[in-house]
Amino acid sequence: MSYGISHPVNDPSLVSYHRPELVKLLPQLEQAYDCWTLLNADGLGAAKGKYLHREPAEPSSAYASRLDRSTYTPIYRDSIRSYAGLLGRFQIVDAPPSMEKNDDNVDLQGSSMQSFLTRTDEMALRDGGAFVMVDMMPENGNDNFFDQMNDGRHPYFLSIKRCDVINWAVSYERGRETVEQVTVRQLRSMPNPDGRFGSNVEPIYYVLTPGKVETYRLFRGENNNWSNQKIDEMATSLPIVPLVWYGASTTRFAQGDLPMDGLADLSIQHFQMRSDLSELLHKCAMPVPVRKGAPLGPDGKPAPLVLGPNTAVDLPGEGGDFTFAEPSGKSLERHQEEITHVEALMDRSSLNFLYGANVKTATEASLRASQVASSVSALIRNKTSMFTVLMRLWAWYAGEESSITAESGLAINDSLISKPIEASEMAQLVNLYTNNLMSRRTVLEELQRGGVLDSDLVVEEEINRIEEDQAEKEQHEVELAEEKLDQDLDRAEKFQAIAPNEPGQEAPSTGQSSEKKGKSEQDKTAQAAKVAQ
């Protein structure tokens, strides 16, 4: 995490001075970063030597081979990504127009709001916190603000690792925390004076104060002493420091421990134990040939032992023996048991219980979920608080303060780790609704809470859509019924028009009285009765 920087960190007169609490955290931050990069931060397997030390009298070639055979499992990184995934389903409410317009590029590096916040979540979980700075694109020479906005100038976010904010000063007034000064270290590529195509990486220090940003570098002066050199100064339009702290466990500026530090320790221990087991298997798994009573040659030494399908071993008649010796395996078995135990501890420190790993019952999974529920809830609160400040800083830079409302911010589902609903419970909910013992809204909310419905689904809008679909269905049924009635009436009219002309029927003459018509019908009935007899 030092990037090979040799600047002094304990001289308060230099801009490279580090806060003492940060210095104490640097070893933990370095280990967390190594675990996150799978020990490949400075090259493939470059960090393995930090945690697998060379044994006494171990040859250099054997040590290098042992490092190459050792592999690090990505449980630590996968666990952090699983946690971050719980925070990745959110909705932005009442954002400034320029933020909505640039949602697909919020950091000037092509990152969408979703990917930027997910990366910040991972950084906060890994390091115990992260910083997000809001800055404005440099002026482009246009005459006024509206010309600049039409030309594409807008605020943007910049994520900063915890180890790069090396010094800060805060004050408290009536319990309210105010950031007065922050020193941020960033790396800048500088041309190499010795070659046209070469470059040197040099640390640059930015000192942020309300309304101003100063840029410094360190150089060696007389007597080879380090000195500060101010290389730039720029005024900002904000009366505060536009740097926001996103803490995993606390909202106090740059404070808090590393919540995943225990899992990082276990993953390193797991790496070391697996390396030891691999080395034991490499050296002891092959049986060793043992020969007793080998005949001696003219030089007083036994002949070289050659093993193969076409070779034989000569032994004396008495006392000669040839066997293969191999370890009993008890030490290997014990070593594997210890690795399994460490893996179980790692599972308890991660989110594996949510996916059924090493869990016997749903009750056990629910109990284990409660262990991280408070941590996830704290992360949700800290993330929403952080983004609320970021949104207001963005609107302040963009001149869109009027677009900010009381509801502006981030909406995250706070039941992300609730126990998923089971099929039997779903059937009970449907049965209660069918028997009019539960409302439609309650059923939909319970299904959403249980993970059956998407957490982004708005229940009120879904109920409105259901009512609209039902109204359309009823209207369609009415139209079908009217159409069927018209068809029946049409068939009846056609039947009335055709029926009197059929054979055996006599159409009444025009003006025939109803009395005569009734009498004629009675005669027909009587005649039909005689025929039936």
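This brings us to the overall build of the chain. The secondary structure content of the chain amounts to 14 helices and 12 strands. Per-residue burial for the chain yields a buried fraction of 33% across its 533 residues. Nonlocal contacts in the chain, meaning residues at least 24 apart in sequence, comprise 61% of its contacts between residues at least 6 apart. Entry remark: accessible area of the chain is about 32,200 Å², with carbon and sulfur atoms responsible for 51%.

Okay, the nonpolar core next. Side chains that are nonpolar tend, in soluble globular proteins, to be buried together. If you look at the biggest cluster of nonpolar residues, it comprises 91 residues, and the most contacted ones within it are Tyr76, Phe157, Val182, Leu243 and Phe253. Aside from chain neighbours lying at most four places away, what touches Phe253 is Phe131, Trp168, Val170, Glu177, Val179, Val182, Leu243 and Trp245.

Turning to the sheet that holds strand S7 (residues 212-220), a few remarks are in order. The strand order across the open sheet built from five strands is S4-S5-S6-S7-S8, with neighbouring strands paired in antiparallel fashion. Among the strands making up the open sheet, the edge pair consists of strand S4 (165-173) and strand S8 (226-235). On average, adjacent strands in this sheet sit at an angle of 25 degrees to one another, irrespective of strand direction.

Let us look at the sheet that holds strand S3 (residues 155-160). Strands in a sheet are paired, the pairing made by backbone hydrogen bonds, and the direction either parallel or antiparallel. Spatially, S3-S2-S9 is the arrangement adopted by the three strands of the open sheet, whose pairing is antiparallel. In this open sheet, the two edge strands, each paired with only one partner strand, are S3 and strand S9 (243-247). On average, each strand axis in the sheet is tilted by 25 degrees relative to the strand beside it, whichever way the strands run. Pairing analysis gives five bridges linking strand S2 (residues 129-136) to S9, with the strands arranged antiparallel. What sits directly across from Val132, in S9, is Val244. The sheet contacts of helix H6 (residues 113-127) involve S2, S3 and S9, and relative to S2 the element is tilted by about 145 degrees.

Now for the packing of aromatic side chains. Under the counting rule described, the total for this entry stands at seven aromatic pairs. Aromatic ring contacts, followed pair by pair, group Phe131, Trp168, Trp245 and Phe253 into a single cluster. The ring centre of Tyr33 lies 4.7 Å from the NZ or CZ of Lys161, which sits over that ring.

What follows deals with a negative patch on the surface. The grouping of Asp94, Glu100, Asp103, Asp104 and Glu407 at the surface amounts to a negative patch. Among the structural elements, Glu407 can be located in the loop between helix H10 (362-398) and strand S12 (409-412).

What follows is about the pattern of salt bridges. Any two side chains of opposite charge can pair, so long as their charged atoms come close to each other. The full count for this structure, using the stated rule, is 19 salt bridges. Residue Glu58 pairs with Arg66 through a salt bridge whose shortest N-O separation is 3.0 Å. Accessibility expressed as a relative area gives 12% for Glu58, which makes it buried. The class of Arg66 is buried, set by a relative accessible area of 6%.

Right, let's get into the confidence of the model for the chain. Scored by pLDDT, the chain comes out at a mean of 82, with 83% of its residues at no less than 70. Contacts for the low-pLDDT stretch residues 353-357, under 50 throughout, to residues beyond four places or in other chains number 11 contacts.

The next point concerns the pairing of strand S6 (residues 199-209). Relative to S6, strand S5 (residues 176-191) runs antiparallel, the two being bridged by 10 bridges. Looking at S6, one finds that Leu187 is bridged to Pro203. Pairing geometry for S6 and S7, over five bridges, is antiparallel. Bridging from a neighbouring strand, Tyr206 pairs with Thr215 of S7.

Attention now goes to helix H4 (residues 75-86). Its 12 residues give H4 an end-to-end C-alpha distance of 17 Å, which sits within 8% of 16 Å, the value for a rise of 1.5 Å per residue. Among the residues making up H4, those that are buried are Tyr76, Ser79, Ile80, Tyr83, Ala84 and Leu86. Down the axis of H4, the smallest arc covering the buried residues is 150 degrees, so these residues share one side.

For Asp107, the location among the structural elements is in the loop between helix H5 (97-101) and H6. We classify Asp107 as buried; its relative accessible area is 6%. Along the chain, Asp107 and Ser159 lie 52 residues apart, while their C-alpha atoms are 8.4 Å from each other. Once residues lying within four places of it in the same chain are set aside, the contact partners of Asp107 are Phe116, Arg119, Tyr156 and Phe157. A polar side-chain atom of Asp107 sits 3.0 Å from the main-chain amide nitrogen of Gln109. Separated by 3.3 Å, the side chains of Asp107 and Arg119 make a polar contact.

Within the secondary structure, Arg185 sits in strand S5. Given a relative accessible area of 7%, Arg185 falls into the buried group. Between the C-alpha atoms of Arg185 and Asn167, which are 18 residues apart in sequence, the distance is 9.4 Å.

Moving on, we get to the environment of Asn192. Structurally, Asn192 can be placed in the loop between S5 and S6. Not counting the four nearest positions on each side in its chain, Asn192 is found in contact with Gly198, Ser199 and Asn200.

This part takes up the side chain of Glu202. Summarising the element assignment, Glu202 is placed in strand S6. A distance of 2.6 Å separates a polar atom in the side chain of Glu202 from a polar atom in the side chain of Arg217. Non-local contacts of Glu202, meaning those with residues more than four positions away in its chain, are made with Gln186, Leu187, Arg188, Met190 and Arg217.

What follows deals with unusual backbone geometry. Positive phi, normally seen in glycine, also occurs at Leu38, with a value near 60 degrees. Examined against the element boundaries, Leu38 turns out to sit in the loop between helix H1 (20-36) and helix H2 (48-51). Even without glycine at this site, Leu39 takes up a positive phi of about 65 degrees.

Let us look at the packing of helix H11 (residues 423-434) against helix H12 (residues 440-449). Two elements in contact, H11 and H12, have axes separated by 10 Å at closest approach and are oriented at 170 degrees. On the basis of the axis angle, H11 is roughly antiparallel to H12. Touching Met426, Leu429 and Tyr433 of H11 are Arg440, Val443, Glu446 and Leu447, all from H12.

Cut-offs applied
Residues numbered from 1 in each chain as written. Predicted model: local features only at pLDDT ≥ 70, side-chain atom pairs only at ≥ 80, totals over all residues. Heavy atoms only, no water. Helix = DSSP H or I, 4+ residues; strand = E, 2+ residues; numbered from the N terminus. Buried < 20%, exposed > 50% of the residue type's maximum accessible area, 1.4 Å probe, protein only. Contact = heavy atoms within 4.5 Å. Areas by Shrake-Rupley, 256 points an atom, 1.4 Å probe, with all protein chains shown as cover. Core = buried A, V, L, I, M, F, W, Y, C linked by side-chain atoms within 4.5 Å. Pairing = 2+ DSSP bridges. Axes fitted to C-alpha atoms, helices over the stretch in contact; angles between N-to-C directions. Phe/Tyr/Trp six-rings, centres within 6.5 Å; stacked < 30°, edge-to-face > 60°. Lys NZ or Arg CZ within 6 Å of the ring centre and 35° of its normal. Patch = residues over 30% accessible without salt bridge, like charges linked within 9 Å, V, L, I, M, F, W, Y side chains within 5 Å. Salt bridge = Lys/Arg side-chain N within 4 Å of Asp/Glu carboxyl O. Lys, Arg positive; Asp, Glu negative; His and termini not counted. Charge placed at Lys NZ, Arg CZ, Asp CG, Glu CD. pLDDT = per-residue confidence, 0-100. Expected span 1.5 Å × (residues − 1). Arc of directions from axis to C-beta. Polar contact = N/O pair within 3.5 Å; in protein donor to acceptor, adjacent residues only side chain to side chain. Parallel < 35°, antiparallel > 145°, perpendicular 65-115°, else oblique.

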